[in-house]
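Letter by letter, the chains look like this.
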Amino acid sequence: MATEPEAPEPAVPSLVDRYFTRWYKADVKGKPCEDHCILQHSNRICVITLAESHPVLQSGKTIKSISYQISTNCSRLQNKVSGKCKRGAQFLTELAPLCKIYCSDGEEYTISSCVRGRLMEVNENILHEPSILQEKPSTEGYIAVVLPKFEESRSITDGLLTQKQYEEVVVKRIHATTAAS
Amino acid sequence: MFPLTEENKHVAQLLLSTGTCPRCIFRFCGVDFHAPYKLPYKELLNELQKFLETENEEFILDIPNPPPKKIRLQELEDGIDGIDNLSQNGEGRVSVMEDGSIASKNSNLNVCNVCLGILQEFCEKEFIKKVCQKVEASGFEFTNLVFSVSFPPQLSVREHAAWLLVKQEMGKQNLSLGRNDIVQLKEAYKWITHPLFSEELGVPIDGKSLFEVSVIFAHPETVEDCHFLRAICPDCFKPAKNKQSVFTRMAVMKALNKIKEEDFRKQFPCPPNSPKAVCTVLEIECAHGAVFVAGRYNKYSRNLPQTPWIIDGERKLESSVEELISDHLLAVFKAESFNFSSSGREDVDVRTLGNGRPFAIELVNPHRVHFTSQEIKELQQKINNSSNKIQVRDLQLVTREAIGRMKEGEEEKTKSYSALIWTNKAIQKKDIEFLNDIKDLKIDQKTPLRVLHRRPLAVRTRIIHSMETRYVDEHHFHLYLKTQAGTYIKEFVHGDFGRTKPNIGSLMNMTADILELDVE
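Residues numbered from 1 in each chain as written. Chains lettered and ligands numbered in written order. Predicted model: local features only at pLDDT ≥ 70, side-chain atom pairs only at ≥ 80, totals over all residues. Heavy atoms only, no water.

### Remarks on the pattern of salt bridges
Residue and element names in this part refer to chain B. Cut-off, in case you're wondering: In what follows, salt bridge is the name for a side-chain nitrogen of Lys or Arg lying within 4 Å of a carboxyl oxygen of Asp or Glu. Here the term buried applies to any residue with accessible area under 20% of the maximum for its type, exposed to any over 50%, and partly exposed to those in between, with areas from a 1.4 Å probe on protein chains only. Numbering of helices and strands runs from the N terminus, with a helix taken as a DSSP run of H or I at least four residues long and a strand as a DSSP run of E at least two residues long.
Evaluation of the coordinates by the stated rule reveals 33 salt bridges over all chains. Between Lys 9 and Glu 6 there is a salt bridge, with the nearest N and O atoms lying 3.5 Å from each other. A relative accessible area of 51% places Glu 6 in the exposed class. A salt bridge links Glu 261 to Lys 167; its shortest N-O distance comes to 3.5 Å. Within this pair, whereas Glu 261 is found in helix H14 (residues 261-267), its partner Lys 167 is found in helix H10 (residues 154-172), the two being separated by 94 residues in sequence. Classification of Lys 167 as partly exposed rests on a relative accessible area of 27%.

### Notes on the environment of Asn46(B)
Here Asn46(B) lies in helix H4 (residues 41-53). Sequence separation between Asn46(B) and Pro22(B) is 24 residues; the distance between their C-alpha atoms is 9.6 Å.

### Quick notes on unusual backbone geometry
Note that the residue after Cys270(B), namely Pro271(B), is joined by a cis bond; omega there is 10°. Among the structural elements, Pro271(B) can be located in the loop between H14 and strand S3 (280-288). Lys501(B) connects to Pro502(B) through a cis peptide bond whose omega is -10°. One can find Pro502(B) in the loop between strand S14 (500-501) and helix H20 (504-508). In this structure, Asp27(A) takes a positive phi of about 50° despite not being glycine. Residue Asp27(A) is classed as partly exposed on the basis of its relative accessible area of 29%. Positive phi outside glycine occurs at Arg44(A), with the angle close to 80°. By the secondary structure assignment, Arg44(A) is in the loop between strand S2 (36-41) and strand S3 (46-50).

### Brief notes about the sheet that holds strand S9 (residues 144-147) of chain A
The strands that make up a sheet are held in pairs by hydrogen bonds between backbone atoms, and each pair lies either parallel or antiparallel. Worth spelling out the cut-off: A pair of strands is considered paired only if DSSP assigns at least 2 bridges between the two.
Pairing is antiparallel across the open sheet formed by 7 strands, whose spatial order is S5-S8-S9-S3-S2-S1-S10 (chain A). Edge positions in the sheet fall to strand S5 (91-92) and strand S10 (161-162) of chain A, since each has one partner strand and no second.

### A short note on the UniProt feature "domain: Pus10-like C-terminal" (unreviewed entry) in chain B
For the record, the criterion: UniProt positions are given in the numbering used here, feature names are shortened, and annotations may be inferred rather than shown by experiment.
The UniProt record marks residues 292-520 of chain B with the feature "domain: Pus10-like C-terminal" (unreviewed entry), using the residue numbering of this structure. The span residues 292-520 of chain B is 26% helical and 41% strand by assignment, and the distance between its end C-alpha atoms comes to 25 Å.

### Some words on the interface of chain A and chain B
Heads up, the condition is: In this description, contact between two residues means that some pair of their heavy atoms is separated by no more than 4.5 Å. Note on terms: buried area is the combined drop in 1.4 Å-probe accessible area of two parts once they are placed together, counting the loss on both. A 3.5 Å cut-off defines polar contacts: any pair of N or O atoms within that distance qualifies, except that in protein one atom must be a possible hydrogen donor and the other a possible acceptor, and neighbouring residues in sequence count only when both atoms are side-chain atoms. As a working rule, the residues Ala, Val, Leu, Ile, Met, Phe, Trp, Tyr, Cys and Pro are called nonpolar, Asp, Glu, Lys and Arg charged, and the rest polar, with Gly in that last group.
The partner chain B presents 25 residues to the 34 residues of chain A that form the contact. In total, chain A and chain B occlude about 2,300 Å² of area from one another, counting both sides; carbon and sulfur atoms represent 59% of this. Our count for the chain A to chain B interface comes out at 3 salt bridges. Between Glu121(A) and Arg499(B) there is a salt bridge, and its shortest N-O distance comes to 2.7 Å. For the pair chain A and chain B, the number of links is 9 residue pairs in polar contact (both at pLDDT 80 or more). With 4 residues, helix H1 (residues 15-19) of chain A is the single largest residue contributor to the side of chain A that touches chain B. Per-class residue counts for the side of chain A that touches chain B are 17 nonpolar, 7 polar and 10 charged.

Structure follows, in structure tokens:
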């Protein structure tokens, strides 16, 4: 589990608690447990992050490297956005790959957008220091920022799970594995 | 003294017989001093008659006994009284005149074929009185005024035709007539009407006045007079986005300058024909230029937006800084609307302390504009008494330039802030002391996520000039900062997902958040 800032006084809501709504997508692209967490700001901007249950965030995993080169012709690092209307941004669909995470145990994980919209930026800080991703996946370790179309700002969450629904999915999984073992 | 001379006789006769009014005749004869135009229409017509008939016995051919002067004058008077009926009955009076005498036929009281009545009834006292009644009824306070008048574009076409006609006639006498030798319709109109306005309203006419009285004339009957120009000079008439008709005065003038005389004469009668009715008055409007009020405001509420917060027609938070200040001004100045601007602004949940933030309000179309400094003081008091969320000081009337100066200061200033910081890890006094020693810290701030939806994505370098800390408890301390203008303080504290570097959290190697912020 990631070491998220634990408020000693639970009454103090964090930055994320105050401004964002958490949405989840479980088993992205059918891959078990590759859960993503989308932080939706009240101004409709979405921050793509890994959910706590994602394999990369489990103890014992070491990240070797992260790459934004998702195909021969496309690197998310080349995304250039200009003006208030964010012209020139790469347009993403729900399944669009954002980056690839390579772990020391040979495993490779693709992180997907989960949300339709214009790509604003990808987090370059995790390129240089992959450990940030594991230490603070919900803040400094974010993957990308996406701006959905104005008309779609409500509907983009139609295919996503609420915090509560996500927690139920995780609980079900634990029971399933316990039952299996 | 009648302003026309022997030289002008042929032209005057020609114009009068083709239906042109005396004042237009003066214009085409180059009469460029005001006095003649100001005489009453009756008198002008009379004098013109007299002028034309002296030594012109040869004109009166068919009539053995020209009607005695007395009768003619009577007819003239009858005719003049009928001017007001012209709009309904333009040609009506002609038959009365046509009792054989060409001279009487020439006392044409129809609508002038050049000015369409502008220099006939529309420059006389009665009409001006009507306009002034409207001005007084509008409830504006003014000490001077500027009068603007707009004529239908067809007038330019008629003027052009009359010019060609007169040029030709003068050519027979080996005299030339340039466009600039003719007195402009608008100029003559203003010569006559300005003194009438001044007299009626008791204020001078001043081109720089902020109070504008505007009259717009139209002539629906001849609207299509201009259309032939489009066929000949199509590139002068490109449809512009906001204009209803492509035949604007500018476009028509442009085409008239381009068109060749032969082409013009083929399409438009020279002299112009006599219309049935005079111009109509499309609009009489009054408006006062904006006035500006400036001051400084303090904000004591953590729940007040700068501008009204309305989403999908629903107000999310009650009132706003601009409404609390401007609503009173709007009422007192009796203005149509306002534009509020300030030197920077603060978030809903941030207080503005200290001297206050400079602001300026543009009051649009104010009906009341003169206030003593005592009255302004009372206005300030009124605003301050009506709300404890904001307070205003240094309220004053300013010029438009003041706004520019206020905005300039925005970039250059250094700002002082006071913040309450929360930390996730427990801290001791010594843990925050190092912040006091940091001077002129350079930080890079990417556009904060909370404004990224309406601002371009960019990186801004800003300077934190100095900081001072005051320990509160294990998880809280006060932070006082002096920073460069345009610094996002909240993001400097919590780091905005690491997109502001360095930030308080990174400097202290823990997670920090901001609970309260005040700006000085």
